[in-house]
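What follows is the residue order along each chain.
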Amino acid sequence: MMLLYAVFALTVDSLSTNHTRWIIDWSLFYWRLKNGFEMSTAILWLGIPVLLMWRDLDLRVFTFGRWKKPDAWLLIALMLAGACGVYLIKFIPVLNQYYQPQSHLSSAMKWSYAISNLIWLSSWLIGWEFLHRVFLMQYLQAVLGKIGPCFIPAFEFLFHLQKSIPEAVGMLLLSIVLTYWSYKRKNVLLPFLAHLSIEITLLAYLII
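Definitions and cut-offs
Residues numbered from 1 in each chain as written. Predicted model: local features only at pLDDT ≥ 70, side-chain atom pairs only at ≥ 80, totals over all residues. Heavy atoms only, no water. Helix = DSSP H or I, 4+ residues; strand = E, 2+ residues; numbered from the N terminus. Buried < 20%, exposed > 50% of the residue type's maximum accessible area, 1.4 Å probe, protein only. Polar contact = N/O pair within 3.5 Å; in protein donor to acceptor, adjacent residues only side chain to side chain. Arc of directions from axis to C-beta. Contact = heavy atoms within 4.5 Å. Axes fitted to C-alpha atoms, helices over the stretch in contact; angles between N-to-C directions. Parallel < 35°, antiparallel > 145°, perpendicular 65-115°, else oblique. Left-handed = near helix turned anticlockwise from the far one by under 90°. Nonpolar A, V, L, I, M, F, W, Y, C, P; charged D, E, K, R; others polar. Expected span 1.5 Å × (residues − 1). Bend = angle between axes of the 7 residues up to and from the residue. Salt bridge = Lys/Arg side-chain N within 4 Å of Asp/Glu carboxyl O. Core = buried A, V, L, I, M, F, W, Y, C linked by side-chain atoms within 4.5 Å.

Chemist: Go over the environment of glutamine 100, please, and point to the residues and values.
Modeler: Relative to the assigned elements, glutamine 100 resides in the loop between helix H4 (93–98) and helix H5 (107–144). Overall, glutamine 100 belongs to the partly exposed group, its relative accessible area being 46%. In this structure the side chain of glutamine 100 is engaged in a polar contact, spanning 3.1 Å, whose partner is the backbone oxygen of glutamine 97.

Chemist: An account of helix H6 (residues 152–160) is needed here, citing residue identities and associated values.
Modeler: Every buried residue of H6 is listed here: Ile152, Pro153, Phe155, Glu156, Phe159 and His160. Across the axial projection of H6, the buried residues extend over an arc of 155°, all falling on one side. Packing partners of the buried residues in H6 comprise helix H1 (2–17), helix H2 (39–52), H5 and helix H7 (165–185).

Chemist: Quick rundown of the packing of H5 against H7? Include the residues and the values.
Modeler: One can describe the packing of H5 onto H7 by two numbers: an axis separation of 11 Å at closest approach and a directional angle of 60°. Judged by the angle between their axes, H5 and H7 are oblique. Taken as a pair, H5 and H7 cross one another with a handedness that is right-handed. Note on element contacts: H7 touches H5 through Ser175, Leu178, Thr179, Ser182 and Tyr183, opposite Glu129, Arg133, Met137 and Gln141. Its residues assigned to classes, the contact of H5 with H7 comprises three nonpolar, four polar and two charged.

Chemist: How would you summarise H2 if you had to cite specific residues and measurements?
Modeler: Taking 1.5 Å per residue as the helical rise, H2 with its 14 residues ought to reach 20 Å, and the 18 Å between its terminal C-alpha atoms agrees with that figure. Residue leucine 46 marks the point of greatest curvature in H2, where the axis turns by about 25°; the proline proline 49 follows within four residues. Among the residues of H2, those classed as buried are Ser40, Thr41, Ala42, Leu44, Trp45, Pro49 and Val50. Contacts from the buried residues of H2 go to H1, H5 and H6.

Chemist: Tell me about the pattern of salt bridges, residues and numbers included.
Modeler: For the coordinates displayed, the defined rule picks out eight salt bridges. Here arginine 32 ties to glutamate 38 by a salt bridge, and the two come within 3.8 Å at their closest N and O atoms. Accessibility expressed as a relative area gives 40% for arginine 32, which makes it partly exposed. A salt bridge links aspartate 58 to arginine 60; its shortest N-O distance comes to 3.3 Å. A relative accessible area of 24% means that aspartate 58 is categorised as partly exposed. One connected set of salt bridges, linked through shared partners, spans Asp58, Arg60 and Arg66.

Chemist: Outline the nonpolar core, supporting the account with residue identities and numerical values.
Modeler: Core analysis: the biggest nonpolar cluster contains 29 residues, and Leu10, Trp45, Phe130, Val134 and Phe135 have the highest contact counts within it. It is H5 that contributes the most residues to this core, eleven residues altogether. Excluding residues within four positions of it along the chain, phenylalanine 130 makes contact with Trp45, Leu46, Pro49, Val50, Met53, Leu57, Phe62 and Phe135.

See below:
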């Protein structure tokens, strides 16, 4: 059931976000507030998964209690690697075309663009990490044991194919590291912080 829900949540979000017309008009399920917050994504990726596993939810997955000394250095390394990945966008045509810089905007417009994107980011990033490295992680481990988490990077790779192959490959490599760390630590905080760092760096790349 949990696996089917994850597939359902990712599929519906993709179809609705892209305003796909296939059998029905999936944009009916795309709910975005005026400030940029994607309510539909927050519900699909965070709200419903939390309700589905509420009784078994270990709140320590959100704390630093299970971190070890080398983890801070790993986070720094991932942040630097992510920054390098963002810098490489300009040298990869398909990514450079997708992520077009907004440096031509006025200061006021850049500020508005940044605020809107940060609000949008808050609507899906927590849910993305929770859905994959808490919700799916717990279910796949319970059903398949140690090999269960190995399927999580495949989920993230397939979802990002709708953007481009280079981005999907980058997500795959990142997911392997983040998923393994989450599996060993039973924690989602480092993946969230590493992913947040990449998204913030990307936003800076677009507006500076």
